[in-house]
Amino acid sequence: GAGVSQTPSNKVTEKGKYVELRCDPISGHTALYWYRQSLGQGPEFLIYFQGTGAADDSGLPNDRFFAVRPEGSVSTLKIQRTERGDSAVYLCASSPWTTHYNEQFFGPGTRLTVL
Amino acid sequence: DQQVKQNSPSLSVQEGRISILNCDYTNSMFDYFLWYKKYPAEGPTFLISISSIKDKNEDGRFTVFLNKSAKHLSLHIVPSQPGDSAVYFCAATGSGGSNYKLTFGKGTLLTVNP
């Protein structure tokens, strides 16, 4: 079966531009997560969806970041007015439900470079 | 403020020997711990986990030990194989309403030499 896929794999943009990063979770997984991994750091939580709704967006760094999951499957992370500090690998993960005993399955990530 | 700390950025071992990767945490609300393995250009993949009600969990060559009083856990790989060479992340999550949120350490790069 297919795992979590993310597109594009790499994105280079200029400071101030708008970008969209897409995540296709594993089919049937109701929970979806976005994390950001900066150079030399571990992944940091951004946002969690249960179904279509954002159950926790407390990790989003500021209001330039927004994520949607309109049909409870594919999710898009949107970054407005990108800054050089936004450069990182953006990881998406999904899981069938949210309990301790349920691992999160990660995609390969999108490497965002803001020039 | 790092709540999950992996103080060794890298570790090098010989094939066939034991690899021991360490992790410390500061948040006493954490009650479930996971190890993820990451190869370059791939996402992290789940390796093994342990609940705070246990002090050991074993899966094949991989064993995780938890010392709650010391807020310390370790991952043992025996015997180590060259294919184990990867970055290993320790992660933790708490009870209650935010049990979906993984808090990761910075990772340890393990190199297993043939």
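Structural data are supplied above this passage.
Residues numbered from 1 in each chain as written. Chains lettered and ligands numbered in written order. Predicted model: local features only at pLDDT ≥ 70, side-chain atom pairs only at ≥ 80, totals over all residues. Heavy atoms only, no water.

The helix and strand inventory of chain A stands at zero helices and eleven strands. Written out in order from the N terminus, the α and β elements of chain A read β-β-β-β-β-β-β-β-β-β-β. Computed over the C-alpha atoms, the radius of gyration of chain A is 13 Å, within 12% of the 13 Å expected from 2.2 N^0.38 for a compact globule of 115 residues. The dimensions of chain A, computed from C-alpha atoms along their principal axes, are 40 × 25 × 25 Å. By residue count, 45% of the 115 residues in chain A fall in the buried class. Of the contacts formed within chain A by residues at least 6 apart in sequence, a portion of 54% connects residues at least 24 apart. Of note, chain A has its 11 positive side-chain charges centred 8 Å away from the centre of its 11 negative side-chain charges. (Helix = DSSP H or I, 4+ residues; strand = E, 2+ residues; numbered from the N terminus. Rg over C-alpha atoms; globule rule 2.2 N^0.38 Å. Buried < 20%, exposed > 50% of the residue type's maximum accessible area, 1.4 Å probe, protein only. Contact = heavy atoms within 4.5 Å. Lys, Arg positive; Asp, Glu negative; His and termini not counted. Charge placed at Lys NZ, Arg CZ, Asp CG, Glu CD.)

On to the side chain of threonine 63 of chain B. All names here are of chain B. Residue position: threonine 63 is located in strand E7 (residues 62–67). Owing to a relative accessible area of 10%, threonine 63 belongs among the buried residues under this scheme. Not counting chain neighbours up to four residues away, the residues in contact with threonine 63 comprise Ile48, Lys56, Asn57, Glu58, Ser74, Leu75 and His76.

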